[in-house]
Amino acid sequence: MPDLTHERFNEAVVAHVPIAIEAQEALAQVVDLNGAYQADIEQGVVTIAGRPLRVVLLGTVSKATSTWLWSWANPGFAPTLPAIAPVRRVAELAGPWGLWEFGDSQFGLAGVLDTGLGAGASVAFVAAPVVGATAFYSADYGAGIAYFGVVDPAVPRPPAQGVTFARRIMAAVDLQPGNPRAQVLTYAAVHDLRVTGDDRQLKVHIGPDVLSVLFDELGGIATISGTLSSGSGQSSGGFGRPL
């Protein structure tokens, strides 16, 4: 029997916060997230404030029971739909990642870490990169909330940049402290960045820039420093970000 607590999943939530912040900022630059929406699951399109976007349906949350239901397990949708089929990839990673929530068709959200947007949003932003989605969009339909992964070319994942790296990581640490090392490693993994280092220091290679993250004895971030190339828009040299 799996350990039916959300401890390991909550670790994944914390680790994905930098990517989630970056992704939602990118989505907000394309559409008015406070605008009205229309969803067409058959076509895999959500129109937000008049702007249509290609999406996949990650899952839904019932307000009555506070449970998450993966879209591939929802009897109301054909599992072969283009907006549904890619989400099966999440279930395939339940074992390798040690996240039983990815494999169960439905589970309660009590105990899932809420970073400020609801526990359902936490599930959505951990799952979104797995299915190739840049960001997630939540749509209240009365009895529940549907969570979509945005896969539209109009919302590309912002490229990692040396000049913004420290801000991305520290914003995540400020919002959800606990495991900054995992946040750095997850951000690098999603962006396919090379990382070198040891327990006390990680060096993240972003194009010609190398950013060094130094950890203190308690595992917190002591400094983020490095050199920025002239192409980054800032002069070459070092910079630091002490806590």
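Within any chain, residue numbers begin from 1 and follow the written order of that chain's sequence. Whole-chain, interface and lining totals are the exception, using all residues; otherwise, since this is a predicted model, local features are given only for residues with pLDDT of at least 70 and side-chain atom pairs are given and counted only at 80 or more. Hydrogens and water molecules were not included; the side-chain quantities draw on all heavy atoms of the structure.

Student: I'm lost on the side chain of His16 in this one. Help?
Tutor: In this text, helices come from DSSP runs of H or I with a minimum length of four residues, and strands from runs of E with a minimum of two, each type numbered from the N-terminal end. When you line up the elements, His16 lands in helix H1 (residues 7-28). Residue His16 is classed as buried on the basis of its relative accessible area, which comes to 8%. Two residues form a contact once any of their heavy atoms are found within 4.5 Å. Discounting chain neighbours no more than four positions away, the residues touching His16 are Phe125, Val126, Pro129 and Thr186. Each residue's exposure class comes from its accessible area (1.4 Å probe, protein chains only) as a fraction of the maximum for that residue type: buried when under 20%, exposed when over 50%, partly exposed otherwise.

Student: Looking at this model, I keep getting lost on the packing of H1 against helix H6 (residues 162-175). Mind explaining?
Tutor: Two packed helices can be described by the angle between their axes and the distance between those axes. Taken N-terminus to C-terminus, the directions of H1 and H6 make an angle of 110 degrees; their axes are 8 Å apart at the nearest point. On the basis of their axis angle, the class for H1 and H6 is roughly perpendicular. Helix-helix and strand crossings are classified by hand; for H1 and H6 the assignment is right-handed. Side by side, H1 and H6 meet where Val17, Pro18, Ile21, Glu22 and Glu25 of the first sit next to Arg167, Arg168, Ile169, Ala171, Ala172 and Leu175 of the second. Taken together, the residues of the contact of H1 with H6 sort by class into seven nonpolar, no polar and four charged. Interaxial angle, 0 to 180 degrees, is taken between N-to-C directions of lines fitted to C-alpha atoms, where a helix line uses only the stretch in contact. An angle counts as roughly parallel when it lies under 35 degrees, as roughly antiparallel when it exceeds 145, as roughly perpendicular when it falls between 65 and 115, and as oblique in every other case. The hand of a helix crossing depends on one turn: near helix anticlockwise from the far one by less than a right angle means left-handed, and clockwise means right-handed. For this classification, Asp, Glu, Lys and Arg are treated as charged, while Ala, Val, Leu, Ile, Met, Phe, Trp, Tyr, Cys and Pro are nonpolar and the rest, including Gly, are polar.

Student: For this particular structure, what's the right way to read the layout of surface pockets?
Tutor: To find the voids left in a structure, one rolls a probe of water-molecule size over its atoms. Grid spacing is 1 Å over the protein atoms alone, the probe is 1.4 Å, and a cavity is where that probe fits but cannot get out, while a pocket is an open set with protein on both sides within 12 Å along at least five of seven lines and lining residues have an atom within 4 Å of a point. Grid points are joined across faces, edges and corners, and a volume is the space filled by probe spheres set on the points. In this structure, the largest pocket encloses a volume near 170 Å³. Surrounding the largest pocket, Gln24, Leu33, Leu117, Ala121, Phe136, Tyr137, Ser138 and Tyr147 form its lining. Of the residues in the lining of the largest pocket, the class split is six nonpolar, two polar and no charged.

Student: Whenever I open this one, the pairing of strand E6 (residues 135-140) confuses me. Can you help?
Tutor: The two faces of a sheet get side chains in turn, since along a regular strand they alternate between them. Criterion used throughout: strands pair if DSSP finds at least two bridges between them. Relative to strand E7 (residues 144-150), E6 is paired through six bridges, and the arrangement is antiparallel. Across the sheet, Ser138 pairs through a bridge with Tyr147, a residue of E7. Hairpin connection from E6 to E7: three residues lie between these consecutive antiparallel strands, with Gly142 at a positive phi of about 100 degrees.

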